[in-house]
Amino acid sequence: MCHIPVFCWMAATVLEYMLTKAESGEIPTSLTQMYTHFLIIQTKHRSQKYGNRDADALWNLKTILSLCKLAFQQLEKGNLIFYEEDLRESGIDVTEASVYSGMCTEIFREEAGLYQGKVFCFVHLSIQEFLAALYVFLHFSKRESNMPDQHHTSQLNSLLSANKPHDLHQTAVDLALRNENGHLDLFLRFLLGLSLESNQKLLQDLLPQTGSSSLNTEETVKYIQQKIREVPNPERCINLFHCLNELNDPSLVDEVKGYLRKGKETREDLSLSQLSALAFVLLLSDQELEEFNLTDYGGWHSPVRSDAGLLRMLSVVKASRRVK
């Protein structure tokens, strides 16, 4: 994502604020933390620009809930752009759309060469996915009585009927894995990240009624680890490791880092799930992948030499200059 200009701008905005204005000065360590801080910063910018601090809390609550509803509905429909009627349906005053400058950008396009109509979009799809995940989290937590009901059914809508954290997370994981193009990868990471108490505490600045409670994610972690063993698609596996990172579970990655610290002569064969973890570690390394040598990670009869093992390492092969 660091190659995406909009994300670089968002990251720079958050880091500048955290290093110069925030009391803690702590750097976000997950994508969910980054986007939560970005949401907080944008609402603070709005308060400074438009004043009326007494109404800020109510405005923040109403605005964020409306944006979350809009994001969820449009992600549900697969829409990247939307129209004035979509904003009104979500409870957003069209005349105030420009107030959401950092989150939602008004753009113009000419339709059928007949007229210039207003259309809207979030500055980046990841913003839409974050707000949609926040919508699902708030609906699940049932702490916000103003959350609007959804009447139509869809794959995403099935998340709103979950009663337990594990059911919610398992359904979300399955939905993301069924999308081969990675359509819901970031949405899943955000939804899992919002289950942590630390991220919920951040949201209290904007949504005081949200409260915070650490959801038990142990079953979710086990389910994701199971899927890592089962899913052959390397891109989906990499995203599952990102999901574990959002849940603060580095167990598989730590195993592989310990493996890499050993000498090549003392390394044992890696399992398929450990090979996926190895790919994740190598791809996130600061060092450029000059050469990928299979013999460094197992002998002729090890899992890394199997078709399934090679598929797990496909992303590393693509990123390496040379392969042996």
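Residues numbered from 1 in each chain as written. Predicted model: local features only at pLDDT ≥ 70, side-chain atom pairs only at ≥ 80, totals over all residues. Heavy atoms only, no water.

**A short note on unusual backbone geometry**
Logical step 1: In the Ramachandran plot, N248 falls in the positive-phi region, its phi being about 60° despite a non-glycine side chain.
Logical step 2: Summarising the element assignment, N248 is placed in the loop between α10 (234-246) and α11 (251-261).
Logical step 3: Given a relative accessible area of 56%, N248 falls into the exposed group. (Helix = DSSP H or I, 4+ residues; strand = E, 2+ residues; numbered from the N terminus. Buried < 20%, exposed > 50% of the residue type's maximum accessible area, 1.4 Å probe, protein only.)

**What about the environment of N199?**
Logical step 1: Here N199 shows up in helix α8 (residues 197-203).
Logical step 2: With 165 residues separating them along the chain, N199 and M34 place their C-alpha atoms 9.9 Å apart.
Logical step 3: Residue contacts for N199: discarding those within four places in its chain leaves T32, Q33, T36, G193 and L194. (Contact = heavy atoms within 4.5 Å.)

**Regarding the confidence of the model for the protein**
Logical step 1: On average, residues of the protein score 82 in pLDDT, and 82% of them reach the 70 mark or higher.
Logical step 2: The least confident element of the protein, judged by mean pLDDT, is strand β1 (residues 104-111) at 60; the most confident is helix α7 (residues 185-193) at 96. (pLDDT = per-residue confidence, 0-100.)

**Let's talk about the packing of aromatic side chains**
Logical step 1: Taken as a whole and assessed by the stated rule, the structure comprises 9 aromatic pairs.
Logical step 2: Their ring planes at 55° and their centres at 5.6 Å tell us that F82 and F122 sit as a pair that is tilted. Linking F82 in the loop between α3 (56-77) and α4 (84-89) with F122 in strand β2 (residues 115-122), this pair joins segments that are 40 residues apart in sequence.
Logical step 3: Residue F82 is classed as buried on the basis of its relative accessible area of 0%.
Logical step 4: Judged by its relative accessible area of 4%, F122 falls in the buried class.
Logical step 5: With 5.5 Å between their ring centres and 20° between their planes, F292 and Y297 make a pair best called stacked. Judged on exposure class, the residue F292 and its partner Y297 are both buried. (Phe/Tyr/Trp six-rings, centres within 6.5 Å; stacked < 30°, edge-to-face > 60°.)

**Here's the deal with the pattern of salt bridges**
A side chain of one charge can pair with a side chain of the opposite charge when the charged atoms of the two come close.
Logical step 1: Under the defined criterion, the tally for this structure stands at 8 salt bridges.
Logical step 2: Across the pair K227 and E230 runs a salt bridge whose closest N-O atoms are separated by 3.6 Å. With a gap of 3 residues between them, K227 and E230 both fall in helix α9 (residues 218-230), about one helical turn apart.
Logical step 3: The partner of E291 in a salt bridge is R322, with the nearest N and O atoms 3.5 Å apart. With E291 in strand β3 (residues 291-292) and R322 in strand β4 (residues 322-323), the pair connects residues that are 31 residues apart, well separated along the chain.
Logical step 4: Given a relative accessible area of 45%, R322 falls into the partly exposed group.
Logical step 5: Three or more residues joined by partner-sharing salt bridges are found here, namely E288, E290 and R321. (Salt bridge = Lys/Arg side-chain N within 4 Å of Asp/Glu carboxyl O.)

**Remarks on the nonpolar core**
Logical step 1: If you look at the biggest cluster of nonpolar residues, it comprises 95 residues, and the most contacted ones within it are Y35, F122, L131, L134, F187, I224 and M313.
Logical step 2: Leaving out residues up to four positions away in the same chain, L131 has contacts with L39, L67, C68, A71, M103 and F122. (Core = buried A, V, L, I, M, F, W, Y, C linked by side-chain atoms within 4.5 Å.)

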